[in-house]
Structures are given as structure tokens and as C-alpha cells.
Amino acid sequence: MEKFITHTSKAIPLPIENIDTDQIIPARFLKATNKAGFGKNLFRDWRYKKDDSVNESFALNDPRFSGTILIAGNNFGCGSSREHAAWALADYGLKVIVSSYFADIFKGNALNNGLLPVQVSPEYLKELLSAVQSDPDTEIVVNLEEQYIAVKGSDKKESFEIDPYKKLCLINGYDDIDFLISKKDKIEEFELRS
Amino acid sequence: MKKTLFDKVWDSHVVDSVENGPQILYIDKHLIHEVTSPQAFAELEQRNIPVFRPDQIVATADHNVPTLNQHLPIKDALSRNQLEQLTKNCEKHGVTLYGLGHKYQGIVHVMAPELGVTQPGMTMVCGDSHTSTHGAFGTIAFGIGTSQVAQVFASQCLLMAKPKKMRINVNGKLKKGVLPKDVILYIIAKLGTNSGTGYFAEYAGDVFENMSMEGRMTVCNMSIEMGARGGMIAPDETTFAYVKGREFAPRGEAFDKKVAYWKTLKTDEGAVFDKEYTFDAEDIAPMVTYGTNPGMGIKINGHIPELDDISFEKSLEYMGFQKGEALLGKPINYVFIGSCTNSRIEDFRIAANYIKGKQKAANVNALIVPGSQQVAKQIEDEGLKRVFEEAGFVLRQPGCSACLAMNDDKIPAGEYCVSTSNRNFEGRQGQGARTILASPLIAAATAVKGVIAAPYEEEMTALAE
């Protein structure tokens, strides 16, 4: 997994609540047996109209906005456990998702793919959204090592929580499989005693 | 220390704890299907790691299977490839597969309980968020992503921080026509779609104690729709009677020994929950949803709330509904009875009991999809097939079908579907399709009347809004 330490980018605002993983990647695109290429169908039914023409009003198609940080409404990633959602976001080129709340399974899936979910207060989410919406060139700084997010050039930093173990994994590019396999002896011991 | 049901099962499965980090949780049973497993098998092969405990994995084909002509080769090349991949992977790694054509094939959350794979006190995972279903047995069961599927393949364990605990109590007597589906839709409408995030739920109170295992599974199935990774109900005599004698359940003395242990799993008197909610059974009415998440539900005779909120308005726009509108009496052209929420034999008995001697409305396409081959067989053996077919319903072969519309069972754009499934997300049942979640009874009544309808009109008119 690619290492993640700090990240600075412009951001795309998507202030819709309860964005479920069916919107992030609709089920009809889950027939693939590998992880590659899901980005082209990210938010497929919001990015494109029924006749497959581009939906100009959708944030990802709005020429004013660009960058690798997505700022989304409350409860992002709810619904289906499909990791294809995290693969699609990462494959599209996103590195950070900011929301005031993330669904559990999505959060884990994102972290397992080097995509950082940054949970902020509803008030700060509003601030970030209005900063980006009023000036699309606004850059956002996400510092994982020091666990803060800020508008570049502003003194105000908002700290965010992350599981210390997961932080270590992201910073070093480790993943859970290596760690679990290193614990085989303990796992076999557990099997014998239970 | 006083422990909850969840604590008892969790604590007995902790292999080790990481300092300042998660715990290593041992997984007893791992269920897999064609959609979320291929990349996990590939991950292992890339790293040259064997599957650690293939005997603890059970595979089936459900998400992406046709519900017509299952004996023929699948027409869609991508779907066919995905199923072939599952077969190859299972053969290669020594995993038991109940694929298409097998008498045990079915929706993973229907077939595992009916085979006795699911037992109280276990830890179970599957790359599917509705794995919470198995919590009905007093099991810690939850959905995982594909990276985690690979972790369980490699180590039979997961790294997880212990979730917080919530309890939802519902006491009293349910009104006529109020089904387990209505109970859980009511709870989600009250608490919201993220009320359970970070939590494991326990459902307690006499409403759940008096529920069948099928009903308990319906309730626990939708725990994820309020954000809870899982939901559990303490195992009791109903649970033991259900498990007893099933294909993979322990037998004889071994079963009795297990029951003695399962009886100890109840939450201790005075155990503490991080949050707790209590509802009165009398307040619950048959429910329907009007929006694009399962928390947007109202009593069947209710009106859509009037909120000023962008997400709310976007949702109503998608559904083609107005604020303040009533849903009762709205014309409906599609009805779907199926999915891991409501495709067990009890669901079809309830639907058939209502439908018997009636005809579906001319405008309605009514699709019945059993949860498993065994349920399909029961439908036939009990004479329900005739009831459905005489009433003009279409009976298909088992699979996830129109719940997520990965196969050809799609609802056309713009059409409403009263569905017994679990998600009314935009496009869930097909691009542009509009889903109204409800119980099998409401679905049956709607199919017969051709409009959103309540089965027992007298009781319904007496409902306070």
C-alpha cells in the first residue's frame, strides 16, 4: 500500500447527506473480478444522465472544481459493504474524503486502500464547504502525522481522530494481512484452547 | 463484571490485543459469494499465501445469478465469468461451494441459517453488509470489505476495535398486520440511518422474544440500515428448536452441551450499554418508505414529512413525491417479494395466506423470488406455488434478484416498486427505479389492489397517524 503522510490539494464539494455505496459505484459494475478501473464508473448515475451524456451540474463535472479531496455530507459510505466503492474513489484519483460522519464498513475499506477518511465536526464541514464553494482554488491541507486538517494559509486547524494502529499502517504503507500472519502462533494457540 | 450478550461472544473470541490498537478477533465461520471474493483470492495468490482454514468457509452463488433457467449457461459473459471464478477458486482452495444447481444454493443469509451453519455464540463474517442477519441467533455477525475477506482467508482472524454497545427494547403486543419488517422499519425511522454507526445492537423485550427465527432474522438483517455493524438477539428455546436437527448442527449429546453453553449467553442483569432506546409495540404500524434511505419511513396511512433540507428534497425529487403527500392508494406497477430480508418460508406463507383466492391487479408485475433452493422446495411442497401462480404472480428461482438488480431482474426507470428488500437507495433496483420498502403483507396487498394498500383496512383506518 502507498504511504500517506500529508496531502495538500484543492477539493470537490459534494454536500449531500447519506451518500451510499450504491451511488459511489452502482451494483451493475460489480461484475469485475479484479480491482482495477472502477474510477470511470464512480458516481456513474450522478455523473452521467440516462442517455449517457455528461451531467454538467454534478460537482465532479463542474469545471470550477478539481483536486484529490472530496468534501461530502454526513454519513458518507453507508449501505453495502462493497469495497469497490473505495477502489472507485481511489482509482478516480481521490486521496482524502472529508465528512462529518462515515459508515463503519466504508471507513475500514477506505483505510485498507490508502484512502483517508477525515471526520470533522458538522460546523467545520460547513466552513470547509463554503470556503471551497466561494473560492474553488482554495487548497486544503491534511496532515496525518499531526492529525489535523486546515484551509491552506489559515491559522485555524481542526484536529481529527484516527485509530493509532491504522495511522501507523498508513504512514508506513503496512496492511493487516502481514500483521495477522505474523500472529499465526497465537492464532493456533487460541484454536487449541477454545 | 456484568456482561452483555455481545461482550460474552466477543470476549471469548479475542486472540490477542494490539497495544493502543485493535483486537485480533477469531472468526468461526466465513461465508463467501461470487461478487466480493475474487479480488480476495487474487490477493492471496499474489502473495503466495494459502487459505488458512478452508473448512470454516462456506460459499454460495447468489448476488449475480439469473432467476430463470438456472440449469442453462449464463448468458451475460461477465456474470458467467464471475461464477466460474468462484467455482475455480473454491476448488483450488478446498472451500465447500453450494453453487447454482446445488440443493443448498441460495442467498447466503438464508441458506447458512437453514443449514445450521449459523449457530449461537459464534463469530461470523461475509463480504456483505447484511451478514448482520445471523445475529438473530445470538451470533456476532457482520459484513466486511474484500481486503478483510482476504485477511480472514489468510488468518481466520480480523483486526478490529471492539464496537460500542446499544440496546433497543420493544415491549408489548404488536397490532394485527404488523410484521417484524415493520418493527425494524419503525426503529430505523425513529433512530435514523447513522444512529448505530460504531455500535453493535442488541434487540430485547417481549416483541423479539415472541418472534419466530425468520422474524428475528428480518430484524437483525436491517441493523446495518441504521449504521450498526450487527444486531443480536439472545438465543432462547425458539433458537435452539430452530437449530436442532439441521444439516450442520451438532447432534445428540454434543447438541445438549452446546445448548447448556448457549443458555449462558444472555445479557447479565445490570450490564451497561453505551446507549439504550425503548419503544412501545402498540405504537408500531405497518410501514412504507417514501425516500431514498431506509430511515425515510412512515406509517402506511401517514403523510410525507415537510422538511426544508437539500438532501431531503433531492430524495423526494428522485421519488417523484411531494412533501405532505399520502402514499396509501398510490398506483404501483411492480411488486418484489424476496431478498435476504424477506425471502424465508414464513414470508411466503404470510403473503400466500393473503393472496389465496385473489388475483393480482392487471397493472402489476409481481415477482416472487425464494431465498434458497430449500425455500423454493417448501413453497412447492406446501402448495404455495399454486396460490402464487393462480393469482398471477411470477415465481422465480433463488437469488438476490431485484434487491440489487445485478442480474436481469430490474425495475424500469421511473417505476415504483413495493419491495420487501432492505434498501431504497437511488437506482438500487435498476437505474431510475423507485423503491418503496415494506413487509411481505403490504407487498401482497399492493400487488392485489394495484395501489399501495393495507391488508386489513378496518384496523388501518383505526390507526392514529
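Residues numbered from 1 in each chain as written. Chains lettered and ligands numbered in written order. Predicted model: local features only at pLDDT ≥ 70, side-chain atom pairs only at ≥ 80, totals over all residues. Heavy atoms only, no water.

- You'll find chain B entered in an unreviewed UniProt entry as 3-isopropylmalate dehydratase large subunit, with Sinomicrobium weinanense given as the organism.
- Quoted verbatim from the Catalytic activity (unreviewed entry) field of the UniProt record, the comment on chain B reads "(2R,3S)-3-isopropylmalate = (2S)-2-isopropylmalate".
- As recorded by UniProt, the Subunit (unreviewed entry) comment attached to chain B reads in full: "Heterodimer of LeuC and LeuD." (UniProt positions renumbered as here; feature names shortened; annotations may be inferred.)

- As named in an unreviewed UniProt entry, chain A is 3-isopropylmalate dehydratase small subunit, taken from Sinomicrobium weinanense.
- On record in UniProt, under Subunit (unreviewed entry), the comment for chain A is "Heterodimer of LeuC and LeuD."
- According to its UniProt record, chain A has this under Catalytic activity (unreviewed entry): "(2R,3S)-3-isopropylmalate = (2S)-2-isopropylmalate".

1. What to know about the sheet that holds strand E9 (residues 164-171) of chain B
Residues and elements named next belong to chain B.
- The strand order across the open sheet built from four strands is E11-E10-E9-E12, with neighbouring strands paired in parallel fashion. The open sheet is flanked by strand E11 (230-232) and strand E12 (275-280), the only strands paired with a single partner. The sheet shows a mean angle of 20 degrees between the axes of neighbouring strands, taken without regard to direction.
- Here E9 pairs with strand E10 (residues 199-204) via six bridges, running parallel. In the strand pairing of E10, Asn169 is matched with Ala204.
- Along the sheet face, helix H6 (residues 180-191) touches E9, E10 and E12 and points at about 125 degrees away from the line of E12. (Pairing = 2+ DSSP bridges. Helix = DSSP H or I, 4+ residues; strand = E, 2+ residues; numbered from the N terminus. Axes fitted to C-alpha atoms, helices over the stretch in contact; angles between N-to-C directions. Contact = heavy atoms within 4.5 Å.)

2. Concerning the interface of chain A and chain B
- In this assembly, 54 residues from chain A lie in contact with 65 residues from chain B.
- Where chain A abuts chain B, roughly 4,800 Å² becomes buried across the two surfaces, and 57% of that area is made up of carbon and sulfur atoms.
- Taken together, the connections running from chain A to chain B amount to eight salt bridges.
- One salt bridge connects B:Asp16 with A:Lys186, and the closest N-O pair in it is separated by 3.3 Å.
- Viewed at the interface, chain B and chain A are joined by 26 residue pairs in polar contact (both at pLDDT 80 or more).
- Of all the secondary structure elements, the ones that give two or more residues to the side of chain A that touches chain B are helix H1 (21-24), helix H2 (44-47), helix H3 (84-92), helix H4 (104-111), helix H6 (164-172), helix H7 (176-181) and helix H8 (184-193) of chain A.
- Among the elements that make up the side of chain A that touches chain B, the one with the highest residue count is H8(A) (seven residues). (Buried area = accessible area lost by both parts, 1.4 Å probe. Salt bridge = Lys/Arg side-chain N within 4 Å of Asp/Glu carboxyl O. Polar contact = N/O pair within 3.5 Å; in protein donor to acceptor, adjacent residues only side chain to side chain.)

3. Observations concerning unusual backbone geometry
- Its identity is not glycine, yet A:Asp52 carries a phi of approximately 75 degrees, on the positive side.
- Within the chain, B:Asn48 stands out as a residue other than glycine whose phi angle is a positive 60 degrees.
- On the secondary structure map, B:Asn48 appears in the loop between helix H2 (38-47) and strand E4 (57-60).
- The exposed category is assigned to B:Asn48, whose relative accessible area is 70%. (Buried < 20%, exposed > 50% of the residue type's maximum accessible area, 1.4 Å probe, protein only.)

4. Looking at the UniProt feature "binding site: [4Fe-4S] cluster" (unreviewed entry) in chain B
All names here are of chain B.
- Per the UniProt annotation, the sites labelled "binding site: [4Fe-4S] cluster" (unreviewed entry) are Cys340, Cys400 and Cys403. The annotated residues occupy 64 residues of the chain but converge on a single region, no pair of C-alpha atoms lying more than 8.7 Å apart.
- Within the secondary structure, Cys400 is located in the loop between strand E17 (394-395) and strand E18 (416-419).
- When sequence neighbours within four positions are dropped, the list of residues in contact with Cys400 reads Asp62, His63, Ile107 and Phe336.
- A relative accessible area of 5% places Cys403 in the buried class.
- Contacts of Cys403, omitting those with residues within four sequence positions, involve Phe336, Ser339, Ser421, Asn422, Arg428 and Gln429.

5. What about the packing of aromatic side chains?
- Taken as a whole, this structure holds 23 aromatic pairs over all chains when the rule is applied.
- An aromatic cluster of three or more residues is present, and its members are B:Phe6, B:Trp10, B:Phe142 and B:Phe200.
- Against the face of A:Tyr148 rests A:Lys157, its NZ or CZ located 4.3 Å from the ring centre.
- When the ring centre of B:Tyr242 is taken as origin, the NZ or CZ atom of B:Arg246, which lies over that ring, is 3.7 Å away. (Phe/Tyr/Trp six-rings, centres within 6.5 Å; stacked < 30°, edge-to-face > 60°. Lys NZ or Arg CZ within 6 Å of the ring centre and 35° of its normal.)

6. A few points about the pattern of salt bridges
- What the rule picks out here adds up to 36 salt bridges over all chains.
- A salt bridge links A:Arg64 to A:Asp62; its shortest N-O distance comes to 2.8 Å.
- Overall, the relative accessible area of 13% leaves A:Asp62 in the buried class.
- Residues B:Lys323 and B:Asp308 are paired through a salt bridge, measuring 3.0 Å at the closest nitrogen-oxygen approach. With B:Lys323 in the loop between helix H11 (310-319) and strand E15 (334-337) and B:Asp308 in the loop between strand E14 (297-299) and H11, this residue pair connects regions lying 15 residues apart in the sequence.
- Through salt bridges with shared partners, a single ionic network connects A:Lys35, A:Asp175, A:Asp178, B:Glu43 and B:Arg47.

7. Here's the deal with the UniProt feature "domain: Aconitase A/isopropylmalate dehydratase small subunit swivel" (unreviewed entry) in chain A
- UniProt's feature table lists "domain: Aconitase A/isopropylmalate dehydratase small subunit swivel" (unreviewed entry) at residues 1-122 of chain A, given in the numbering used throughout.
- Secondary structure content for residues 1-122 of chain A is 21% helix and 17% strand, and the end C-alpha separation is 31 Å.

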